[in-house]
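What follows is the residue order along each chain.
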Amino acid sequence: MRFDDQRIRMVETHLIARNISNKKVIDAFKKVPRELFVSDEWREFAYKDHPLSIGFQQTISQPYIVALMMSLLDIKDTDRVLEIGTGSGYQTALLAEISSEVFTVERIEDLLMNAKKILKKLEYKNIYYKIGDGSLGWENALPIVSEFNKIIVSAASPKVPEKLLNQLSVGGKLILPLGSINNQDLVVYEKQVDSNGNDCISSNNCGQCVFVPLIGKDAWADL
Ligand code: SAH
């Protein structure tokens, strides 16, 4: 079956049939060619609902989990999104389809450069790239940005990095796999202001997941 047909079938059987109903998210998955973000060796499996190796002991995330995280964030066309863990760049493309701007941070330079090459070829113009430790967020981002409407962390952390919460706007949402190295909960945090004008954070546990570790100053130490 052609990749275009496999893509539509993947959306129907793994996303829509499993209650992903956000139209923008579904349309983005129908459009972005996942086969371009995996190496030749794995290409024939591009539309299985699995994580796949992208080298450096990292994986391209399972489509269903990416769709679930994007749906839980309820991303608007006007949102500025911070993505921690660019990996292959596949989720970056999906985010760029449905938001205003994506700021993506990856600690492994080779992965970031490879993702950037593919995303440029696909002509995305609303993505900004940084090599660094995303557990510290992206301070002093250029173009000048101090806060993000949505933050998506694609690697597992034992806690919520403080700086990520600081860089979330009021009314904004952050999603993060929280837990041990082997098993995590997908947690959505929302920032609001209380009656005294102070920021307050609420959280909602949205089920179990397994991600590669977030390695950085405010997450796991290098393994
Ligand atoms: N969503 C990506 C998958 C990411 S896998 C995709 O679909 O391809 C998680 C990524 O997080 C890996 O590439 C890993 O190198 C990166 N990562 C781990 N710790 C990080 C940190 N502190 N800052 C930035 N990236 C980090």
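Our subject is the structure listed above.
Residues numbered from 1 in each chain as written. Predicted model: local features only at pLDDT ≥ 70, side-chain atom pairs only at ≥ 80, totals over all residues. Heavy atoms only, no water.

Note: strand β6 (residues 148-153) against strand β7 (residues 168-179), four bridges, orientation parallel. Looking at the pairing, Ile-151 lines up with Leu-174 of β7. Summarising the sheet, β7 and strand β8 (residues 184-193) pair through seven bridges and their orientation is antiparallel. Opposite Ile-175, over in β8, you have Val-188 as the bridge partner. (Pairing = 2+ DSSP bridges. Helix = DSSP H or I, 4+ residues; strand = E, 2+ residues; numbered from the N terminus.)

What follows deals with the side chain of Lys-191. Secondary-structure assignment places Lys-191 in strand β8. Of the residues examined, Lys-191 reaches a relative accessible area of 5% and is grouped as buried. From its side chain, Lys-191 meets the backbone oxygen of Leu-165 in a polar contact 2.8 Å long. If we skip the residues at most four places from it in the chain, Lys-191 touches Leu-165, Asn-166, Leu-168, Ser-169, Val-170, Gly-171, Gly-172, Asp-199, Cys-200 and Ile-201. (Buried < 20%, exposed > 50% of the residue type's maximum accessible area, 1.4 Å probe, protein only. Polar contact = N/O pair within 3.5 Å; in protein donor to acceptor, adjacent residues only side chain to side chain. Contact = heavy atoms within 4.5 Å.)

Using the criterion set out here, one finds 15 salt bridges in the structure. Close ionic contact of Asp-77 with Lys-24 constitutes a salt bridge, the shortest N to O distance being 2.6 Å. You can see Asp-77 sitting in the loop between α3 (63-73) and β3 (80-84) and its partner Lys-24 sitting in helix α2 (residues 23-31), a full 53 residues away along the chain. Judged by relative accessible area, which is 55%, Asp-77 ranks as exposed. Owing to a relative accessible area of 27%, Lys-24 belongs among the partly exposed residues under this scheme. (Salt bridge = Lys/Arg side-chain N within 4 Å of Asp/Glu carboxyl O.)

Nothing here speaks to function; it is all geometry.
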